[in-house]
Amino acid sequence: MLSGESRAAAVRPKLHRNFPNNVALKMSRQQDEQGVVLTAYTSNTEAVLRAKEEQTEFLGASRKTGQYNVQRSKGPAAAPGSGPGKAPYQRCSSQDSLDEQVMVDYFKELEIIQRSGDAETQEDEQLKVADEGEQEEAWLMEAGLATLFDESASGGEDSIALLSTLTRTQAAAVERRVETLKQTLRKRNKPYTVPDVREIFKPSPDSQSKDEAESTHRSGSSKLEVEGMGNGAGPDVPGGGADAETDINLEVSFSEQALIYKEGLKVTQPQSEADDRLPDFRVSQDKTGQTKVGDLSAEDMKKVRRLVLIEMSALFDTCGIEVKAHKALKVKVRESGLFGVPLSTLLDQDQRRIPGTKVPLILQHLISHIEEQGLDTEGVLRIPGAATRVKAVCQELEHKFYEGMFPWESLKQHDAASLLKLFIRELPYPLLTVEYFNAFISVLKLPTKKQQLQALNLLVLLLPEPNRDTLKALMEFFQRVVDRKDRNKMTLNNVAVVMAPNIFMCKGFRSKISEQQEFAMATGTANIVRLLIRYQNLLWTIPKFILNQVRKHNTENQRKMNRDRAVKKLLKKMAYDRERASDKQEKNNEAEGGFIRVQAPQFSMVSMAVQLTEDLKASDVLARFSQERSLSVRREDLCLYEMGGNIKERCLDEETYIKALLELNPSAEWVIKSVQH
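For the structure given in this document, a descriptive report is provided here.

1. Some points on the sheet that holds strand β7 (residues 595-600)
Hydrogen bonds between backbone groups are what pair the strands of a sheet, and the pairing can be parallel or antiparallel.
(1) Moving on: The mixed open sheet is built from 5 strands, whose spatial order is β8-β7-β11-β9-β10. Here the strands that pair on one side only, and so sit at the sheet edges, are β8 (605-611) and β10 (647-651). The mean inter-strand angle of the sheet, taken between neighbouring strand axes irrespective of direction, is 30 degrees.
(2) Moving on: Inspection of the sheet shows strand β9 (residues 638-644) paired to β10 by 4 bridges, in the antiparallel sense. Looking at β10, one finds that Met643 is bridged to Glu649.
(3) Moving on: Its contacts with the sheet put helix α26 (residues 618-628) on β7, β8, β9 and β11 (669-674), and the angle it makes with β8 is roughly 125 degrees.

2. Here we look at empty space enclosed by the protein
A probe as big as a water molecule, rolled over the atoms, marks out the empty space that is left.
(1) Moving on: What the rule picks out here adds up to 4 cavities of 30 Å³ or more.
(2) Moving on: Reported here for the largest cavity is a volume of approximately 120 Å³.
(3) Moving on: Along the walls of the largest cavity sit 14 residues, with Leu250, Val283, Asp286, Gln290 and Lys544 positioned nearest its centre.
(4) Moving on: Where the lining of the largest cavity is concerned, the elements lending two or more residues are β6 (541-542) and α23 (544-564).

3. Section: the pattern of salt bridges
(1) Moving on: Evaluated as defined, the whole model comprises 29 salt bridges.
(2) Moving on: Between Arg177 and Asp317 there is a salt bridge whose closest N-O contact spans 2.8 Å. One end of the pair, Arg177, is in helix α6 (residues 168-187); the other, Asp317, is in helix α11 (residues 298-318), with 140 residues separating them in the sequence.
(3) Moving on: Overlapping salt bridges bring together Arg176, Arg177 and Asp317 as one network.

4. Details of the nonpolar core
(1) Moving on: Counting residues in hydrophobic clusters, the biggest one holds 125 residues, and the most contacted among them are Val174, Leu397, Leu419, Leu420 and Phe478.
(2) Moving on: Look past the residues within four positions of Phe478 in its chain and what remains in contact with it is Leu381, Val495, Met499, Ile503 and Ile533.

5. As for α11
(1) Moving on: End to end, α11 covers 30 Å across 21 residues, agreeing with the expected 30 Å (1.5 Å per residue, within 8%).
(2) Moving on: Counting buried residues in α11 gives 16 out of 21 residues, a clear majority hidden from the surface.
(3) Moving on: Looking one or two places after α11, you find Gly320, whose phi comes out positive at around 70 degrees.

6. Considering the pairing of β9
(1) Moving on: By the criterion of burial, β9 is predominantly enclosed, with 5 of the 7 residues buried.
(2) Moving on: Hairpin geometry of β9 and β10 is characterised by an intervening segment of 2 residues between the two adjacent antiparallel strands and by a positive phi of about 75 degrees at Gly645.

7. A few points about the state of the cysteines
(1) Moving on: Under the definition given, this model contains 1 disulfide.
(2) Moving on: Each sulfur of the disulfide joining Cys639 and Cys651 lies 1.9 Å from the other. Looking along the S-S bond of the Cys639-Cys651 disulfide, the torsion reads about 125 degrees, which is the right-handed sense. Within this pair, whereas Cys639 is found in strand β9, its partner Cys651 is found in strand β10, the two being separated by 12 residues in sequence.
(3) Moving on: Since its relative accessible area comes to 12%, Cys651 is described here as buried.

8. Re the environment of Thr541
(1) Moving on: Its place among the elements puts Thr541 in strand β6.
(2) Moving on: Classification of Thr541 by relative accessible area gives buried; the value is 2%.
(3) Moving on: A sequence separation of 83 residues divides Thr541 from Leu458, and the C-alpha atoms of the two residues are 9.3 Å apart.
(4) Moving on: Residues within four places of Thr541 in sequence aside, it is in contact with Leu250, Gln290, Thr291, Lys292, Asn457 and Leu461.
(5) Moving on: Among the polar contacts made by the side chain of Thr541, one reaches the side chain of Lys292 at a distance of 2.8 Å.

9. A short note on unusual backbone geometry
(1) Moving on: Within the chain, Thr433 stands out as a residue other than glycine whose phi angle is a positive 70 degrees.
(2) Moving on: With respect to the secondary-structure elements, Thr433 resides in the loop between α15 (413-426) and α16 (434-442).
(3) Moving on: For Thr433, a relative accessible area of 8% translates into the label buried.
(4) Moving on: Although it is not a glycine, Lys489 sits at a positive phi angle of roughly 60 degrees.
(5) Moving on: Along the chain, the position of Lys489 falls in the loop between α19 (485-488) and α20 (492-504).
(6) Moving on: Its relative accessible area of 16% is what places Lys489 among the buried residues.

What counts and what doesn't
Note that residues are indexed from 1 along each chain, following the sequence as it is written. The predicted origin of the model limits local features to residues at a pLDDT of at least 70 and limits the giving and counting of side-chain atom pairs to 80 or more, whereas totals for whole chains, interfaces and linings rest on all residues. Side-chain numbers here rest on the full set of heavy atoms in the structure, without hydrogens or water. At least two bridges found by DSSP between two strands is the condition for calling them paired. Helix and strand assignments come from DSSP, with helices taken as H or I runs of at least 4 residues and strands as E runs of at least 2, each series counted from the N terminus. Here an angle of 0 to 180 degrees is reported between the N-to-C directions of two axes, which are lines fitted to C-alpha atoms, with helices fitted over the stretch in contact. Working rule for contacts: check all heavy atoms of both residues, and any pair within 4.5 Å makes them a contact. Here a cavity denotes grid points, spaced 1 Å and computed from the protein atoms alone, that fit a 1.4 Å probe unable to get out, and a pocket denotes an open set having protein on both sides within 12 Å along at least 5 of 7 lines; residues with an atom within 4 Å of a point are the lining. Grid points are joined across faces, edges and corners, and a volume is the space filled by probe spheres set on the points. Note on definitions: salt bridges are taken to be side-chain nitrogens of Lys or Arg within 4 Å of carboxyl oxygens of Asp or Glu. Joining through side-chain atoms within 4.5 Å is the link that ties buried Ala, Val, Leu, Ile, Met, Phe, Trp, Tyr and Cys residues into a set, and such a set is a nonpolar core. Buried residues are those whose accessible area, probed at 1.4 Å on protein chains only, stays under 20% of the maximum for their type, while exposed residues exceed 50% and partly exposed ones sit between those limits. The span you would expect from a helix comes to 1.5 Å times its residue count less one. Cysteine sulfur atoms that pair up within 2.5 Å are treated as a disulfide. Pairs of N or O atoms within 3.5 Å make up the polar contacts considered here, provided that, within protein, one atom can donate a hydrogen while the other can accept it, and that residues adjacent in sequence are counted only when both atoms are side-chain atoms.

In short, geometric facts, not functional conclusions.
Right under this line is the structure:
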């Protein structure tokens, strides 16, 4: 066992190797479990800024790859100050400075990871940027706009409907990529069918005036809202109060807000924005209710994802930031097991045992076990388990987990935390995905924290469902750890710093980076994890402007389907249409008469008439239904759905005002169903 003095001497050279040469450190040795505590530092501002400028030129990487275990425990050292007359050492409880934590805890965690590799390592997989033109082609395909460069692609009508919903900044993002692709094909002297961008966005005569009016109204209202916004760290803006600084507007396109901010306020990018001041961002109440991930049907979520991709690109374009996506890698992966298995494979295994599983069972069990052992344990997530023991437990889990024979009662808490971090690192594909890895890191190039938060919101929505659900489970767990910071000494900064290298260090991936870049990596990735934890309730919310675009997309598709319907089908459905028209008229008459009809076929109820008032909320409808029916499900497991009209299906926020939503979707029907949380 090394003494505190020896541990401090062992860590100090590593710290100096990773800091830029012009960052002077003043170290004091403490005989705690960390061996060394950073008490103060001074930095050359220009050097730090250069490091931050370089932080998006790398991808989180390890210097040693392959099978990761956890560093052999050196045994718990006596807590400093535990002797008579000595006050216990308090870890940094400030939420306003990441620096001291980054420079100590981050690099200690990094060293733990690097020392934990087995003798057998695998070749590094170098991430590759798509060739010129390939990125634009892949982007257009992912956005559902393949017909813009390939006339033989399917979905032409749907693409037209999608294009009709775009804002000016979103349309500019599409135009830019179409034009780049066209120029690339021209350079290669290849035949191409990319249309002129002016033809793509040429408005129809009947829609032009309407769109211009909407754009004027939207731009005018958003300018009033955005002009008062502060950025949380930049210079004060005349007319912007404290309340305006923390408002998040989900009704106006983020890229439109960024353009207005850029053109109207003329504020240069604040170079000192990377401090740790985290405002209490708030979302103004929307009478039509907030929409969370999971509230929409799969069909509408597909439209959400396409629109979010375009919006994210438009936001970065507007701010002048180029984000180069990397090619998806083909790597050999395990087809069964627990560690080193793709999330999709794990969930297939788990769903055969427990249908509807959204987060890997092994991760759920590890989180539950850590919490059962108590989140008051000092250094939870930070103090590593014993490497040999963790390795043995890992192998035992592989053989006994699914059989239910694993002895959870014998698993130590720090070993369980080390297994949780190992699980994340061992994923063969990054949790944040190869495709969007660079975009996550590029978030910190955005000029304000508000825009950084908006970009993270879009990126979370872009993640594949297994990745997004797993990331959410982790962020919720980390928040519960932070909630006990007074006892476990793990503040938001502490948790973010310790977990950042585990989330951003990908198995088998490495890029050669300089010391300044490595320093920027520590500060940058820790800041991103901090934002993900701090604002998770907002980040998993679908912005209203995106949902409104989905509604418009659905309306355009329905209009096209009705217009193109064959005469024979029309004749066949005339009777049905008359019946539906009668039902619709009856429903409209009821709404006009002050009532709506709520159905609950799952509970054998034909319909329930509910009086429509200005103050009627979804929660009121559910409360009345629960009172009138004897149910086998809990009240909190019920949800009122908006179905039909311009949305496929949407589980309503209980604070939704029904009358306001009915104005947005007059053809909607109302259905009560039970939901699985």
